[in-house]
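# Report on the structure
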Amino acid sequence: MKILVFVGSYRRNGNTDQVTGLIKEHLHKQAEQHRTPLEIETIYLGQQNLQFCRGCRICYDRGEEHCPVKDDLLAIKAKMQAADGILLASPVYVDDVSGITKNFIDRLCHVCHRPQFAGKVAYVVATTGGSRTGKTLETMTMALRTWGFHIAGQSGYKMGALMKRDKSRAQFDTRAAQAARQLFTAIHQHRYKQPSFFSLMMFKIQQMSWQTDGIPGTPDYHYWEQQGWFHSKRSFFIPHEAKWLKVALARFTGIVISKFVN
Ligand SMILES: Cc1cc2nc3c(=O)[nH]c(=O)nc-3n(C[C@H](O)[C@H](O)[C@H](O)COP(=O)(O)O)c2cc1C
């Protein structure tokens, strides 16, 4: 099993680094318990060469390989494609994700149009000085869901300006163990085969949107067509085991919402 951990803070040994460190320890414990080989790689977003999106839309219109910004993005994306799951963690900056986390999400905007991570699992973490983590977690889960990830769970950690390491362990070890268990189990038990109602509904909305507004010949349209996702019987990006009633209701809700959205 391969898991990629993203730390969306510049601070090494900061709060986010500490929490992801605890979760990593517990992931290794889970792997030992289940006798599963586990490889974890940590990517500090602040230490990567990730420039800002220039808004040229070339990734949308011609394909991401034509992006004029030549930096670490596509290498990082290749690592995500080779992993079974990711842990994405950001500090709360003014009630939302940090700038480097948002830039990372923005740079992968083409994946919102051409989802490439179905069958992979994500867990989301936010650390905060004292205020709520809800919006920060939502920004990350919304993006990851749109990219096709199965969301195993999310958790927030109130830690002040910089928590001492022994204190963060004492206070958050149980929550970190729970986070590790959720992420590990979702990968180990292939929970992505059970897409949520929301994910099934979003698939239907996206499918109808590309069918109505998509322009044949564009990378987006071509990608959807190539994957066979326009087929009327297709209810999700990958073959799944969701109950037929959930699928039917999600499709129906998706169709109704599409009438207003598209
Ligand atoms: C630019 C900036 C903005 C922040 N905004 C908030 C905020 O809106 N609410 C809050 O409770 N904490 C805020 N904080 C505190 C951090 O969210 C908190 O200390 C976090 O755990 C730091 O994680 P790190 O050590 O990994 O960078 C902010 C910190 C910085 C540097």
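Keep in mind that what you see is a predicted model, and the values were worked out from it rather than measured. (Residues numbered from 1 in each chain as written. Predicted model: local features only at pLDDT ≥ 70, side-chain atom pairs only at ≥ 80, totals over all residues. Heavy atoms only, no water.)

### Section: the overall build of the chain
Spelled out, the test is: A run of DSSP states H or I qualifies as a helix once it reaches four residues; a run of E qualifies as a strand once it reaches two. Both are numbered from the N-terminal end. Only C-alpha atoms enter the radius of gyration, while the globule expectation follows 2.2 Å times N to the 0.38, with N the number of residues. Partly exposed residues are those whose accessible area sits between 20% and 50% of the maximum for their type, while under 20% is buried and over 50% is exposed, using a 1.4 Å probe and protein chains only. Computed by Shrake-Rupley with a 1.4 Å probe, the accessible areas treat only the displayed protein chains as cover when residues are assessed. Only four residue types enter the charge count: Lys and Arg as positive, Asp and Glu as negative, with His and the chain ends excluded. In this description, the location of a charge corresponds to atom NZ of lysine, CZ of arginine, CG of aspartate or CD of glutamate.
Secondary structure assignment for the chain yields 10 helices and 5 strands. Compactness check: the chain gives a C-alpha radius of gyration of 19 Å against a globular reference of 18 Å for 262 residues, within 12% of the reference. For the chain, the spread of C-alpha atoms along the three principal axes comes to 55 × 45 × 35 Å. When burial is assessed residue by residue, the chain has 51% of its 262 residues classed as buried. Entry remark: accessible area of the chain is about 12800 Å², with carbon and sulfur atoms responsible for 54%. Across the chain, the centroid of the 35 positively charged side chains sits 5 Å from that of the 21 negatively charged ones.

### Describing the environment of Lys-246
Mapped onto the elements of the fold, Lys-246 is located in helix α10 (residues 244-261). Put simply, Lys-246 and Ile-23 are 223 residues apart on the chain and 32 Å apart in space, counted from C-alpha to C-alpha.

### Structural notes on the pattern of salt bridges
Definition in use: Salt bridges are identified by distance alone: a Lys or Arg side-chain nitrogen within 4 Å of an Asp or Glu carboxyl oxygen.
Within this structure, the stated rule accounts for 8 salt bridges. Close ionic contact of Arg-114 with Glu-64 constitutes a salt bridge, the shortest N to O distance being 2.8 Å. Of this pair, Arg-114 sits in the loop between α5 (110-113) and β4 (121-128) while Glu-64 sits in the loop between α2 (58-61) and α3 (73-82), and the two are 50 residues apart along the sequence. Across the pair, Glu-64 and Arg-114 agree in class, each one buried. The residue Asp-71 makes a salt bridge to Arg-107 at a minimum N-O spacing of 2.6 Å. Here the residue Asp-71 occupies a position in the loop between α2 and α3, and Arg-107 occupies one in helix α4 (residues 99-107), the gap between them amounting to 36 residues.

### Observations regarding the sheet that holds strand β1 (residues 2-7)
Under the convention used in this document: A pair of strands counts as paired when DSSP detects no fewer than two bridges linking them. Comment: axis = line fitted to C-alpha atoms, over the contacting stretch for helices; angle = value between 0 and 180 degrees taken between N-to-C directions. Contact definition: two residues touch when any of their heavy atoms are within 4.5 Å.
Read across the sheet, 5 strands follow the order β2-β1-β3-β4-β5 without closing on themselves; strand pairing throughout is parallel. The strands lining the two open edges of the sheet, one partner per strand, are β2 (39-44) and β5 (150-158). Along the sheet, successive strands turn relative to each other by an average axial angle of 15°, direction set aside. Here 6 bridges tie β1 to β2, and the two strands are oriented parallel to one another. Across the sheet, residue Leu-4 finds its bridge partner in β2, namely Glu-41. Running over the sheet, helix α7 (residues 165-188) touches β1, β3 (85-91), β4 and β5 and is turned about 170° from β5.

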